[in-house]
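Residue-level listing of the chains:
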There are 2 protein chains.
Amino acid sequence: MSDLLERLRGRGWRLTAQRRVVAEVLDGDHVHYTADEVHARATERLPEISRATVYNTLGELVSLGEVLEVSTDGRAKRYDPNAHHDHHHLICSQCGTIRDVHIASDPMAALPEPERFGFAVSEVSVTYRGVCPNCASA
Amino acid sequence: MSDLLERLRGRGWRLTAQRRVVAEVLDGDHVHYTADEVHARATERLPEISRATVYNTLGELVSLGEVLEVSTDGRAKRYDPNAHHDHHHLICSQCGTIRDVHIASDPMAALPEPERFGFAVSEVSVTYRGVCPNCASA
DNA sequence: TCTTGACTTGGACTTTGTCCAATGTAGGAT
DNA sequence: ATCCTACATTGGACAAAGTCCAAGTCAAGA
């Protein structure tokens, strides 16, 4: 539970009520929330927390590498607390929920040198889309 | 060049100056523009074209399957005219430009059945990120 | 406990995109 | 060639997501 908070403290994070609440919201569930959803859930526990603080905190968690930003549809970004495990995403094209998945081969190896165009490639993400069982039955 | 326009006409598209200009902007280059960039370039050729029309036209091209929407960073969507070839993307993490790349293996095969969680998976996209030569030298 | 620099706040602002009523026009019908 | 009309375009208002900032607050080291 407080693994995350411990790590952050060790990195010189000032531990405020707001930050704790945001971290707990992310840590608590396996869904990937948008910033506004995080704010809504944080508000339940700490009614005065401001949107700006939620954005700030999410941004800090991302720069610290504790959380990943996932852009699904060009609208709101979602935040993935599962940053320390190598994984990719499976997104329902109807309801937008995201699952983490693990894949069998290394996609980095699939990009041949001549296709890199001089880029210093440092990251790769694979996104699968389809209809989830829930939406399929509806 | 007018392959695209021909196809669209065949599908009952009313051919207006505005639509022609937007199609030409997309068709003309290998970069993937944002809607605003498309609008800026369209304005050079047809000064009175409105933002709404550019958005409408891009939306139509996407529904017709002639153009793909690419969500890179949760900010502006970019439009990829290369919808008929199977390809993936290499994005500069600094300036945001996108190149199309071709990869060596089929990423769909990399997702094992138990990792599909009952989804009807229909699509996969692989996104590489790194720093482009241009930004690296700056 | 005091101090201080880091944190939070709310509101204004920006960017990206959507919607709509009024106006214009492409292209088939005559 | 001209007319009609359904489809397109326009601009401006609106909305959603996110950023920025000056002023106030507070965690934690001295």
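Residues numbered from 1 in each chain as written. Chains lettered and ligands numbered in written order. Predicted model: local features only at pLDDT ≥ 70, side-chain atom pairs only at ≥ 80, totals over all residues. Heavy atoms only, no water.

This part covers the overall build of chain A. Helix and strand content of chain A: five helices and six strands. When its helices and strands are written in sequence order, chain A yields α-α-β-α-α-β-β-β-β-β-α. C-alpha atoms of chain A, sized along the principal axes, occupy 50 × 45 × 25 Å. Per-residue burial over chain A gives 39% buried out of 138 residues. Once local pairs closer than 6 in sequence are excluded, the contacts in chain A between residues at least 24 apart make up 46%. For chain A, the accessible area works out to roughly 7,600 Å², and carbon and sulfur atoms hold 47% of it. Each charge sign in chain A was given a centre, from 15 positive and 20 negative side chains, and these centres are 5 Å apart. (Helix = DSSP H or I, 4+ residues; strand = E, 2+ residues; numbered from the N terminus. Buried < 20%, exposed > 50% of the residue type's maximum accessible area, 1.4 Å probe, protein only. Contact = heavy atoms within 4.5 Å. Areas by Shrake-Rupley, 256 points an atom, 1.4 Å probe, with all protein chains shown as cover. Lys, Arg positive; Asp, Glu negative; His and termini not counted. Charge placed at Lys NZ, Arg CZ, Asp CG, Glu CD.)

Taken together, the neighbourhood of DNA strand C is formed by 20 residues, with A:Arg14, A:Thr16, A:Arg19, A:Thr53 and B:Lys77 sitting nearest. What you see for DNA strand C is that sugar and phosphate hold 67% of its atoms within 4 Å of the protein. A distance of 2.9 Å separates a sugar or linking oxygen of DNA strand C from a polar atom in the side chain of A:Gln18. Between a phosphate oxygen of DNA strand C and a side-chain N or O atom of A:Thr53, the distance comes to 2.7 Å. Elements represented by at least two residues in the surface near DNA strand C include exactly α2 (17-28) and α4 (51-63) of chain A together with α4 (51-63) of chain B. For the surface near DNA strand C, the class distribution of residues is seven nonpolar, five polar and eight charged. (Near = heavy atom within 4 Å. Polar contact = N/O pair within 3.5 Å; in protein donor to acceptor, adjacent residues only side chain to side chain. Nonpolar A, V, L, I, M, F, W, Y, C, P; charged D, E, K, R; others polar.)

Once that is clear, we can look at the sheet that holds strand β4 (residues 88-92) of chain A. Ordered by their spatial adjacency, six strands build an open sheet running β5(A)-β4(A)-β6(A)-β6(B)-β4(B)-β5(B), and the pairing between neighbours is mixed. Since the sheet does not close on itself, it has two edges, and those belong to β5 (98-101) of chain A together with β5 (98-101) of chain B, each with one partner. Sheet twist, expressed as the mean angle between neighbouring strand axes with direction ignored, is 30°. Here four bridges tie β4(A) to β5(A), and the two strands are oriented antiparallel to one another. Opposite A:His89, over in β5(A), you have A:Asp100 as the bridge partner. (Pairing = 2+ DSSP bridges. Axes fitted to C-alpha atoms, helices over the stretch in contact; angles between N-to-C directions.)

Right, let's talk about the domain arrangement of chain A for a bit. All names here are of chain A. Annotation of chain A at the domain level lists domain 1 (3-80) and domain 2 (88-137). Here domain 1 and domain 2 have C-alpha centroids that lie 23 Å from each other. Domain 1 puts five residues into the contact, and the matching count from domain 2 is six residues. Regarding the contact of domain 1 and domain 2, the summed buried area is about 510 Å², with carbon and sulfur atoms giving 57% of it. Per-residue buried area on domain 1 facing domain 2 is highest for His32, Val70 and Thr72; these three make up 64% of the total on that side. At the junction of domain 1 with domain 2, the criterion picks out zero salt bridges. Counting across the domain 1 and domain 2 interface gives two residue pairs in polar contact (both at pLDDT 80 or more). Class assignment for the residues of the side of domain 1 that touches domain 2 results in one nonpolar, two polar and two charged. (Domains from an automatic or database assignment. Buried area = accessible area lost by both parts, 1.4 Å probe. Salt bridge = Lys/Arg side-chain N within 4 Å of Asp/Glu carboxyl O.)

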